[in-house]
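# Commentary on secondary and tertiary structure
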Amino acid sequence: MILAGGQGSRLGVLTHTSAKPVVPFGGKYRIIDFTLSNCTNSGIDTVGVLTQYQPHELNTYIGSGQPWDMDRYNGGIFILPPYLKGDAGEWYKGTANAIFQNVGFIEQFNPENVLILSGDHIYIMDYTEMLDLHRVKNADATIAVITVPWEEASRFGILTVSEESRITNFEEKPEEPHSNLASMGVYIFKWKELKKHLVLDDQTEGSSNDFGKNIIPTMLNDGSRLFAHEFKSYWKDVGTIESLWQANMDLLTYPPELDLRNKKKKIYSRNPIKPPHYTAGGAVIHGSLVTEGSVIYGTVMNSVIADSVQIGPGSEVHDSVVFPNVVIGENCRIYKAMIGKNTVIGDNCLINDGSASDPATSFISEYCTGGVTLIGDDLNLSSNTIIAANSMVDRDV
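These notes cover the structure that comes with them. Treat the numbers as computed from the prediction; the structure is a model and nothing was measured.

What counts and how
- Residues numbered from 1 in each chain as written.
- Predicted model: local features only at pLDDT ≥ 70, side-chain atom pairs only at ≥ 80, totals over all residues.
- Heavy atoms only, no water.
- Core = buried A, V, L, I, M, F, W, Y, C linked by side-chain atoms within 4.5 Å.
- Buried < 20%, exposed > 50% of the residue type's maximum accessible area, 1.4 Å probe, protein only.
- Helix = DSSP H or I, 4+ residues; strand = E, 2+ residues; numbered from the N terminus.
- Contact = heavy atoms within 4.5 Å.
- Pairing = 2+ DSSP bridges.
- Axes fitted to C-alpha atoms, helices over the stretch in contact; angles between N-to-C directions.
- Salt bridge = Lys/Arg side-chain N within 4 Å of Asp/Glu carboxyl O.
- Parallel < 35°, antiparallel > 145°, perpendicular 65-115°, else oblique.
- Left-handed = near helix turned anticlockwise from the far one by under 90°.
- Phe/Tyr/Trp six-rings, centres within 6.5 Å; stacked < 30°, edge-to-face > 60°.
- Lys NZ or Arg CZ within 6 Å of the ring centre and 35° of its normal.
- Polar contact = N/O pair within 3.5 Å; in protein donor to acceptor, adjacent residues only side chain to side chain.

### Brief notes about the nonpolar core
Of all hydrophobic cores here, the largest spans 33 residues; its most connected members are Ile32, Tyr123, Met184 and Val186. In terms of nonpolar packing, the next biggest core, distinct from the first, is built from 32 residues, Met1, Leu50, Ile216 and Met219 among them.

Structure representation (C-alpha coordinates):
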(Lines give C-alpha, C1' and ligand atoms only; values in the text may rest on other atoms or scores of the structure.)
Protein backbone atom coordinates (compact mmCIF):
# COMPACT_ATOMS: atom_id res chain seq x y z
CA MET A 1 0.00 0.00 0.00
CA ILE A 2 1.59 3.26 -1.17
CA LEU A 3 0.60 6.46 0.64
CA ALA A 4 0.55 9.10 -2.11
CA GLY A 5 -2.16 11.52 -1.02
CA GLY A 6 -0.21 14.18 0.88
CA GLN A 7 -0.22 17.80 -0.22
CA GLY A 8 3.54 18.28 -0.10
CA SER A 9 3.10 21.94 0.80
CA ARG A 10 6.82 22.44 1.57
CA LEU A 11 7.54 22.00 -2.15
CA GLY A 12 5.73 25.24 -2.73
CA VAL A 13 4.60 26.01 -6.23
CA LEU A 14 5.66 22.57 -7.51
CA THR A 15 2.64 21.01 -5.81
CA HIS A 16 0.04 23.74 -6.37
CA THR A 17 -1.66 21.72 -9.11
CA SER A 18 -0.30 18.18 -8.67
CA ALA A 19 0.58 15.71 -5.92
CA LYS A 20 4.16 15.48 -4.64
CA PRO A 21 4.76 11.89 -5.85
CA VAL A 22 4.37 12.98 -9.48
CA VAL A 23 6.90 15.85 -9.30
CA PRO A 24 9.69 15.28 -11.88
CA PHE A 25 13.08 13.98 -10.74
CA GLY A 26 16.41 13.12 -12.34
CA GLY A 27 15.55 14.24 -15.86
CA LYS A 28 13.25 11.38 -16.83
CA TYR A 29 11.53 10.15 -13.69
CA ARG A 30 8.78 11.08 -11.24
CA ILE A 31 9.30 10.68 -7.50
CA ILE A 32 6.82 7.80 -7.22
CA ASP A 33 8.77 5.81 -9.84
CA PHE A 34 11.21 4.75 -7.12
CA THR A 35 8.61 3.20 -4.82
CA LEU A 36 6.77 1.53 -7.70
CA SER A 37 10.00 0.19 -9.20
CA ASN A 38 11.12 -1.12 -5.81
CA CYS A 39 7.88 -3.10 -5.68
CA THR A 40 8.46 -4.47 -9.18
CA ASN A 41 12.05 -5.43 -8.42
CA SER A 42 10.93 -7.10 -5.17
CA GLY A 43 8.39 -9.30 -6.94
CA ILE A 44 5.35 -7.44 -5.56
CA ASP A 45 2.55 -7.43 -8.11
CA THR A 46 -0.47 -6.27 -6.09
CA VAL A 47 -0.24 -2.60 -5.16
CA GLY A 48 -2.77 -0.06 -3.91
CA VAL A 49 -1.91 3.63 -4.42
CA LEU A 50 -3.80 5.86 -1.98
CA THR A 51 -4.43 9.27 -3.54
CA GLN A 52 -6.19 12.39 -2.30
CA TYR A 53 -4.59 15.80 -2.97
CA GLN A 54 -4.61 16.95 -6.64
CA PRO A 55 -4.70 13.34 -7.94
CA HIS A 56 -5.45 13.86 -11.64
CA GLU A 57 -1.90 14.04 -13.00
CA LEU A 58 -0.80 11.19 -10.72
CA ASN A 59 -3.73 9.00 -11.81
CA THR A 60 -2.97 9.67 -15.47
CA TYR A 61 0.73 9.00 -14.99
CA ILE A 62 0.22 5.64 -13.27
CA GLY A 63 -2.50 4.54 -15.70
CA SER A 64 -2.72 0.77 -15.95
CA GLY A 65 0.72 0.31 -14.34
CA GLN A 66 2.26 -1.00 -17.57
CA PRO A 67 5.74 0.62 -17.16
CA TRP A 68 6.12 -1.24 -13.83
CA ASP A 69 4.72 -4.55 -15.18
CA MET A 70 1.55 -4.18 -13.11
CA ASP A 71 -1.09 -4.27 -15.85
CA ARG A 72 -2.28 -7.69 -14.75
CA TYR A 73 -5.53 -9.64 -14.74
CA ASN A 74 -4.88 -10.94 -11.22
CA GLY A 75 -3.47 -8.35 -8.86
CA GLY A 76 -1.88 -5.33 -10.52
CA ILE A 77 -2.10 -1.69 -9.52
CA PHE A 78 -5.15 -0.02 -7.99
CA ILE A 79 -5.80 3.70 -7.47
CA LEU A 80 -7.57 4.18 -4.12
CA PRO A 81 -9.04 7.66 -3.51
CA PRO A 82 -11.40 8.40 -0.60
CA TYR A 83 -14.95 7.39 -1.47
CA LEU A 84 -18.51 7.54 -0.18
CA LYS A 85 -19.56 4.60 2.00
CA GLY A 86 -23.32 4.33 2.62
CA ASP A 87 -24.55 7.75 3.70
CA ALA A 88 -21.13 9.00 4.77
CA GLY A 89 -17.68 9.58 3.39
CA GLU A 90 -14.62 11.46 4.50
CA TRP A 91 -11.14 12.46 3.43
CA TYR A 92 -8.20 10.43 4.64
CA LYS A 93 -7.50 11.95 8.06
CA GLY A 94 -3.98 10.53 8.45
CA THR A 95 -1.69 7.78 7.22
CA ALA A 96 -3.30 5.14 9.44
CA ASN A 97 -6.83 6.28 8.62
CA ALA A 98 -6.04 6.01 4.90
CA ILE A 99 -5.21 2.32 5.38
CA PHE A 100 -8.20 1.84 7.70
CA GLN A 101 -10.57 3.16 5.05
CA ASN A 102 -9.21 0.51 2.66
CA VAL A 103 -9.45 -2.50 4.96
CA GLY A 104 -12.01 -4.03 2.61
CA PHE A 105 -9.65 -3.71 -0.34
CA ILE A 106 -6.84 -5.44 1.55
CA GLU A 107 -9.11 -8.19 2.91
CA GLN A 108 -10.07 -9.40 -0.56
CA PHE A 109 -6.47 -10.59 -1.07
CA ASN A 110 -6.31 -12.36 2.33
CA PRO A 111 -2.67 -11.38 2.99
CA GLU A 112 -0.43 -12.64 5.76
CA ASN A 113 1.62 -9.42 5.71
CA VAL A 114 1.07 -5.91 4.35
CA LEU A 115 3.83 -3.56 3.20
CA ILE A 116 3.13 0.15 3.83
CA LEU A 117 5.19 2.63 1.78
CA SER A 118 5.45 6.35 1.13
CA GLY A 119 5.27 7.58 -2.45
CA ASP A 120 7.60 10.54 -1.96
CA HIS A 121 11.04 9.14 -1.08
CA ILE A 122 14.06 8.58 -3.33
CA TYR A 123 15.79 5.23 -2.73
CA ILE A 124 16.42 1.80 -4.27
CA MET A 125 15.52 -1.10 -1.99
CA ASP A 126 14.72 -4.81 -2.18
CA TYR A 127 11.79 -5.30 0.20
CA THR A 128 12.24 -9.10 0.22
CA GLU A 129 15.30 -8.73 2.47
CA MET A 130 13.17 -6.83 4.97
CA LEU A 131 10.41 -9.45 4.70
CA ASP A 132 12.93 -12.21 5.45
CA LEU A 133 13.90 -10.48 8.72
CA HIS A 134 10.23 -9.91 9.54
CA ARG A 135 9.52 -13.64 9.22
CA VAL A 136 12.68 -14.83 11.00
CA LYS A 137 11.90 -12.59 14.00
CA ASN A 138 8.20 -13.51 13.95
CA ALA A 139 7.61 -9.77 14.11
CA ASP A 140 4.23 -8.10 14.42
CA ALA A 141 5.77 -5.14 12.62
CA THR A 142 9.13 -4.39 11.03
CA ILE A 143 10.29 -0.84 10.32
CA ALA A 144 13.02 0.09 7.86
CA VAL A 145 15.48 2.48 9.51
CA ILE A 146 18.45 4.54 8.45
CA THR A 147 21.10 6.50 10.35
CA VAL A 148 20.70 10.25 9.82
CA PRO A 149 22.88 13.20 10.90
CA TRP A 150 22.14 14.22 14.48
CA GLU A 151 21.19 17.74 13.41
CA GLU A 152 18.41 16.29 11.22
CA ALA A 153 17.10 13.69 13.67
CA SER A 154 14.27 15.86 14.99
CA ARG A 155 12.65 15.77 11.53
CA PHE A 156 11.96 12.02 11.70
CA GLY A 157 10.45 9.28 13.77
CA ILE A 158 13.39 8.18 15.96
CA LEU A 159 13.94 4.67 17.35
CA THR A 160 16.13 2.93 19.86
CA VAL A 161 16.77 -0.80 19.45
CA SER A 162 18.22 -3.70 21.41
CA GLU A 163 21.17 -5.83 20.29
CA GLU A 164 18.66 -8.19 18.65
CA SER A 165 17.23 -5.25 16.58
CA ARG A 166 14.01 -5.22 18.62
CA ILE A 167 12.57 -1.73 18.90
CA THR A 168 12.50 -0.53 22.49
CA ASN A 169 11.39 3.08 22.02
CA PHE A 170 9.87 5.23 19.30
CA GLU A 171 9.36 9.01 19.23
CA GLU A 172 7.82 10.93 16.36
CA LYS A 173 9.91 14.05 15.55
CA PRO A 174 11.30 14.56 19.09
CA GLU A 175 12.69 17.98 20.01
CA GLU A 176 15.62 16.31 21.79
CA PRO A 177 16.24 12.96 20.07
CA HIS A 178 18.02 10.22 22.04
CA SER A 179 19.07 8.42 18.87
CA ASN A 180 19.78 9.20 15.22
CA LEU A 181 18.22 5.98 13.93
CA ALA A 182 15.30 7.23 11.83
CA SER A 183 12.22 5.53 10.43
CA MET A 184 12.11 5.54 6.63
CA GLY A 185 8.32 5.29 6.55
CA VAL A 186 8.60 1.71 5.24
CA TYR A 187 6.63 -0.80 7.33
CA ILE A 188 5.74 -4.49 7.14
CA PHE A 189 2.87 -5.55 9.40
CA LYS A 190 1.23 -8.84 10.14
CA TRP A 191 -2.15 -8.01 8.67
CA LYS A 192 -4.20 -9.40 11.58
CA GLU A 193 -2.21 -7.28 14.07
CA LEU A 194 -2.39 -4.15 11.92
CA LYS A 195 -6.12 -4.50 11.32
CA LYS A 196 -6.75 -4.85 15.07
CA HIS A 197 -4.80 -1.68 15.83
CA LEU A 198 -6.36 0.28 12.95
CA VAL A 199 -9.83 -0.48 14.32
CA LEU A 200 -8.73 0.51 17.83
CA ASP A 201 -7.16 3.72 16.54
CA ASP A 202 -10.33 4.67 14.69
CA GLN A 203 -12.28 4.30 17.93
CA THR A 204 -9.79 6.41 19.94
CA GLU A 205 -11.06 9.96 20.38
CA GLY A 206 -8.46 12.63 19.62
CA SER A 207 -6.12 10.31 17.72
CA SER A 208 -4.12 11.80 14.86
CA ASN A 209 -4.73 8.53 12.96
CA ASP A 210 -1.04 8.40 12.10
CA PHE A 211 1.40 5.48 12.04
CA GLY A 212 4.25 7.37 13.69
CA LYS A 213 2.18 9.22 16.28
CA ASN A 214 -0.35 6.54 17.16
CA ILE A 215 -0.14 3.02 15.69
CA ILE A 216 3.52 2.28 16.37
CA PRO A 217 3.63 3.74 19.95
CA THR A 218 0.42 1.87 20.80
CA MET A 219 1.85 -1.42 19.53
CA LEU A 220 5.00 -0.86 21.58
CA ASN A 221 2.94 -0.16 24.70
CA ASP A 222 0.94 -3.32 24.08
CA GLY A 223 4.11 -5.41 24.02
CA SER A 224 3.93 -6.23 20.32
CA ARG A 225 7.06 -7.57 18.66
CA LEU A 226 8.51 -4.65 16.66
CA PHE A 227 11.86 -4.95 14.91
CA ALA A 228 14.12 -2.64 12.89
CA HIS A 229 15.57 -3.45 9.47
CA GLU A 230 18.63 -1.26 8.93
CA PHE A 231 19.06 0.15 5.43
CA LYS A 232 22.60 1.26 4.53
CA SER A 233 22.21 2.65 1.04
CA TYR A 234 20.96 5.98 -0.37
CA TRP A 235 17.62 7.32 0.91
CA LYS A 236 16.27 10.84 0.82
CA ASP A 237 13.03 12.43 1.93
CA VAL A 238 12.51 15.03 -0.79
CA GLY A 239 9.90 16.99 1.13
CA THR A 240 11.54 20.41 0.73
CA ILE A 241 12.83 22.46 -2.19
CA GLU A 242 16.41 22.21 -0.95
CA SER A 243 16.26 18.42 -0.39
CA LEU A 244 14.74 17.86 -3.85
CA TRP A 245 17.45 19.99 -5.44
CA GLN A 246 20.15 18.16 -3.45
CA ALA A 247 18.82 14.72 -4.42
CA ASN A 248 19.10 15.73 -8.08
CA MET A 249 22.64 16.96 -7.49
CA ASP A 250 23.50 13.62 -5.85
CA LEU A 251 23.04 12.01 -9.27
CA LEU A 252 26.02 14.01 -10.58
CA THR A 253 28.71 12.89 -8.14
CA TYR A 254 31.27 10.31 -9.24
CA PRO A 255 30.64 7.64 -8.35
CA PRO A 256 27.01 8.76 -8.01
CA GLU A 257 25.50 8.57 -4.54
CA LEU A 258 22.36 7.23 -6.22
CA ASP A 259 23.24 4.98 -9.17
CA LEU A 260 20.40 4.72 -11.69
CA ARG A 261 22.39 2.51 -14.05
CA ASN A 262 22.01 -0.73 -12.08
CA LYS A 263 20.16 -3.01 -14.52
CA LYS A 264 19.27 -5.49 -11.77
CA LYS A 265 17.43 -2.77 -9.84
CA LYS A 266 16.20 -0.60 -12.69
CA ILE A 267 13.96 2.39 -12.07
CA TYR A 268 11.05 2.28 -14.50
CA SER A 269 9.04 5.29 -15.64
CA ARG A 270 6.40 6.37 -18.13
CA ASN A 271 8.30 8.39 -20.73
CA PRO A 272 7.22 9.66 -24.13
CA ILE A 273 9.43 8.57 -27.02
CA LYS A 274 11.74 11.45 -27.88
CA PRO A 275 14.49 11.96 -30.47
CA PRO A 276 18.12 12.04 -29.25
CA HIS A 277 19.18 15.29 -27.60
CA TYR A 278 21.00 17.75 -29.84
CA THR A 279 24.19 19.55 -28.84
CA ALA A 280 25.02 22.43 -31.18
CA GLY A 281 28.49 23.42 -32.29
CA GLY A 282 30.06 25.59 -29.61
CA ALA A 283 27.80 24.26 -26.84
CA VAL A 284 29.45 23.07 -23.61
CA ILE A 285 28.13 20.29 -21.34
CA HIS A 286 30.12 19.24 -18.27
CA GLY A 287 29.27 17.03 -15.28
CA SER A 288 25.58 16.96 -16.17
CA LEU A 289 22.67 14.71 -17.08
CA VAL A 290 20.91 15.67 -20.32
CA THR A 291 17.76 13.80 -21.32
CA GLU A 292 16.67 12.93 -24.85
CA GLY A 293 14.69 15.47 -26.82
CA SER A 294 16.67 18.44 -25.47
CA VAL A 295 18.40 21.04 -27.65
CA ILE A 296 21.50 22.68 -26.17
CA TYR A 297 23.13 25.74 -27.77
CA GLY A 298 24.58 27.23 -24.59
CA THR A 299 26.57 25.97 -21.57
CA VAL A 300 25.37 23.39 -19.04
CA MET A 301 27.50 22.81 -15.94
CA ASN A 302 26.72 20.37 -13.11
CA SER A 303 22.99 20.34 -13.89
CA VAL A 304 20.10 17.96 -14.58
CA ILE A 305 18.26 18.72 -17.82
CA ALA A 306 14.95 16.92 -18.48
CA ASP A 307 13.47 16.00 -21.83
CA SER A 308 12.49 18.55 -24.50
CA VAL A 309 14.39 21.44 -22.89
CA GLN A 310 15.79 24.19 -25.10
CA ILE A 311 18.78 26.29 -23.97
CA GLY A 312 19.57 29.21 -26.25
CA PRO A 313 22.92 30.50 -27.55
CA GLY A 314 25.07 32.31 -25.00
CA SER A 315 23.04 31.05 -22.04
CA GLU A 316 24.66 29.35 -19.04
CA VAL A 317 22.99 26.93 -16.64
CA HIS A 318 24.98 26.03 -13.49
CA ASP A 319 24.10 23.71 -10.55
CA SER A 320 20.45 23.65 -11.59
CA VAL A 321 17.53 21.31 -12.25
CA VAL A 322 15.46 22.03 -15.35
CA PHE A 323 12.14 20.19 -15.67
CA PRO A 324 10.58 19.00 -18.99
CA ASN A 325 9.61 21.31 -21.86
CA VAL A 326 11.39 24.40 -20.51
CA VAL A 327 12.58 27.01 -23.02
CA ILE A 328 15.52 29.20 -21.97
CA GLY A 329 16.27 32.14 -24.27
CA GLU A 330 19.59 33.64 -25.28
CA ASN A 331 22.30 35.06 -23.02
CA CYS A 332 20.68 33.98 -19.73
CA ARG A 333 22.59 33.21 -16.52
CA ILE A 334 20.99 30.61 -14.27
CA TYR A 335 22.63 29.42 -11.03
CA LYS A 336 21.40 26.94 -8.38
CA ALA A 337 17.80 26.97 -9.54
CA MET A 338 14.92 24.59 -10.19
CA ILE A 339 12.75 25.52 -13.15
CA GLY A 340 9.28 23.97 -13.38
CA LYS A 341 7.94 22.20 -16.45
CA ASN A 342 6.65 24.11 -19.51
CA THR A 343 8.13 27.42 -18.32
CA VAL A 344 9.54 29.92 -20.82
CA ILE A 345 12.44 32.20 -19.82
CA GLY A 346 13.12 35.18 -22.06
CA ASP A 347 16.47 36.51 -23.24
CA ASN A 348 19.07 38.12 -20.95
CA CYS A 349 17.52 36.85 -17.71
CA LEU A 350 19.56 36.45 -14.53
CA ILE A 351 18.35 33.86 -12.04
CA ASN A 352 20.11 33.58 -8.68
CA ASP A 353 23.31 35.58 -9.13
CA GLY A 354 24.23 35.07 -5.46
CA SER A 355 23.35 38.61 -4.38
CA ALA A 356 20.34 37.62 -2.27
CA SER A 357 21.97 38.91 0.91
CA ASP A 358 20.80 42.42 0.06
CA PRO A 359 17.33 42.65 1.69
CA ALA A 360 16.38 45.54 -0.60
CA THR A 361 16.54 43.35 -3.70
CA SER A 362 15.75 39.84 -2.47
CA PHE A 363 12.73 37.92 -1.26
CA ILE A 364 13.62 35.28 1.33
CA SER A 365 11.03 32.54 0.88
CA GLU A 366 9.81 30.24 3.65
CA TYR A 367 10.04 27.47 1.04
CA CYS A 368 13.40 28.14 -0.60
CA THR A 369 16.50 27.83 1.57
CA GLY A 370 20.14 27.10 1.05
CA GLY A 371 20.39 29.56 -1.83
CA VAL A 372 18.02 27.66 -4.16
CA THR A 373 15.72 29.62 -6.45
CA LEU A 374 12.46 28.00 -7.63
CA ILE A 375 10.58 28.96 -10.79
CA GLY A 376 7.13 27.33 -11.01
CA ASP A 377 5.42 25.40 -13.80
CA ASP A 378 3.82 26.94 -16.89
CA LEU A 379 5.23 30.44 -16.35
CA ASN A 380 6.63 33.14 -18.61
CA LEU A 381 9.58 35.27 -17.48
CA SER A 382 9.99 38.22 -19.81
CA SER A 383 13.41 39.23 -21.11
CA ASN A 384 15.83 41.03 -18.76
CA THR A 385 14.18 39.63 -15.61
CA ILE A 386 16.39 39.28 -12.51
CA ILE A 387 15.45 36.81 -9.75
CA ALA A 388 17.51 36.60 -6.54
CA ALA A 389 18.42 33.53 -4.50
CA ASN A 390 16.00 31.96 -2.00
CA SER A 391 13.08 33.17 -4.09
CA MET A 392 10.02 31.29 -5.32
CA VAL A 393 8.26 32.55 -8.45
CA ASP A 394 4.65 31.44 -8.78
CA ARG A 395 3.31 33.75 -11.49
CA ASP A 396 4.32 35.33 -14.78
CA VAL A 397 6.98 38.04 -14.46
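### Remarks on the side chain of Asn248
In this fold, Asn248 is placed in helix H8 (residues 241–249). Exposure remark for Asn248: the relative accessible area of 0% places this residue in the buried category. If near-sequence neighbours (up to four positions away) are discounted, Asn248 is found in contact with Phe25, Gly26, Val304 and Val321.

### A closer look at the sheet that holds strand E19 (residues 304–305)
One open sheet holds the six strands; their spatial order is E16-E19-E22-E25-E28-E31, and the pairing between them is parallel. With partners counted over all chains shown, the strands left at the sheet margins are strand E16 (289–290) and strand E31 (392–393), one partner each. Looking at chain direction, strand E22 (residues 321–322) and strand E25 (residues 337–339) are connected through two bridges and run parallel. Among the inter-strand pairings, Val321 is bridged to a residue of E25, identified as Met338. Contacting E19, E22, E25 and strand E28 (373–375), H8 crosses the sheet at an angle of about 95° to E25.

### Brief notes about the environment of Met130
Of note, Met130 is situated in helix H5 (residues 127–136). By relative accessible area, Met130 is classed as buried at 0%. Between the C-alpha atom of Met130 and that of Val22, which follows or precedes it by 108 residues, the distance is 26 Å. Excluding residues within four positions of it along the chain, Met130 makes contact with Met125, Thr142, Ile143, Ala144, Val186, Tyr187, Ile188 and His229.

### Let's talk about the pattern of salt bridges
Under the criterion given, the structure shown has 13 salt bridges. Between Arg72 and Asp45 there is a salt bridge, and its shortest N-O distance comes to 3.6 Å. Of this pair, Arg72 sits in the loop between helix H2 (56–62) and strand E5 (76–80) while Asp45 is found in the loop between helix H1 (32–41) and strand E4 (46–50), placing the two residues 27 residues apart along the sequence. Classification of Asp45 by relative accessible area gives partly exposed; the value is 31%.

### Thoughts on the sheet that holds strand E24 (residues 333–335)
Hydrogen bonds along the backbone pair up the strands of a sheet, which may run parallel or antiparallel. Read across the sheet, six strands follow the order E15-E18-E21-E24-E27-E30 without closing on themselves; strand pairing throughout is parallel. Sheet topology places strand E15 (284–286) and strand E30 (386–387) at the edges, where each strand pairs with a single neighbour. As judged from the three bridges shared by strand E18 (residues 299–301) and strand E21 (residues 316–318), these two strands associate in the parallel manner. Bridge pairing in E21 places Met301 opposite His318.

### A short note on the pairing of strand E11 (residues 181–190)
A regular strand places its side chains so that they alternate between the two faces of the sheet. Across the ten residues of E11, nine count as buried, placing the element largely inside the fold. Both strand E6 (residues 113–118) and E11 contribute to a ladder of four bridges, which runs antiparallel. From the neighbouring strand, Asn113 faces E11, where its bridge partner is Lys190. Across six bridges, the pairing between strand E8 (residues 141–147) and E11 is antiparallel.

### Section: the packing of helix H6 (residues 191–202) against helix H7 (residues 211–221)
In the contact formed by H6 and H7, the axes pass within 10 Å of each other and the chain directions differ by 120°. Compared by their axis directions, H6 and H7 come out oblique. With respect to the hand of their crossing, H6 and H7 are arranged in right-handed fashion. Residues Glu193, Leu194, His197, Leu198, Leu200 and Asp201 of H6 lie in contact with H7, whose contacting residues are Phe211, Asn214, Ile215, Thr218 and Met219.

### Focus: the packing of aromatic side chains
The tally for this structure, following the rule as stated, stands at 13 aromatic pairs. Consider the rings of Tyr123 and Tyr127, whose centres lie 6.5 Å apart with planes at 65°: the pair is edge-to-face. Tyr127 shares its class with Tyr123; the two are buried. One aromatic cluster is present, formed by Phe25, Tyr29 and Phe34 through successive ring pairs. Directly above the ring of Trp245 sits Lys336, whose terminal nitrogen or CZ lies 4.8 Å from the centroid.

### Observations regarding H7
Inspection of H7 places Phe211, Gly212, Asn214, Ile215, Ile216, Met219 and Leu220 among the buried residues, and these make up the whole buried set. Of the residues that open H7, the one with a side-chain oxygen 2.9 Å from the backbone nitrogen of Gly212 is Asp210.

### Looking at the pairing of strand E9 (residues 157–161)
Where E9 meets strand E10 (residues 167–172), five bridges bridge the pair, whose relative direction is antiparallel. When the sheet's bridge partners are listed, Ile158 is paired in E10 with Glu171. Across two bridges, E9 lies against E11 in antiparallel orientation. By the bridge assignment, Ile158 is partnered in E11 with Ala182.

### Some remarks on the environment of Ala283
Looking at where Ala283 falls in the secondary structure, it is placed in the loop between strand E14 (278–279) and E15. We classify Ala283 as buried; its relative accessible area is 18%. When the C-alpha positions of Ala283 and Ser207 are compared, they lie 58 Å apart, and in sequence the two are 76 residues distant. Setting aside residues up to four positions removed in sequence, Ala283 forms contacts with Ile296, Tyr297 and Gly298.

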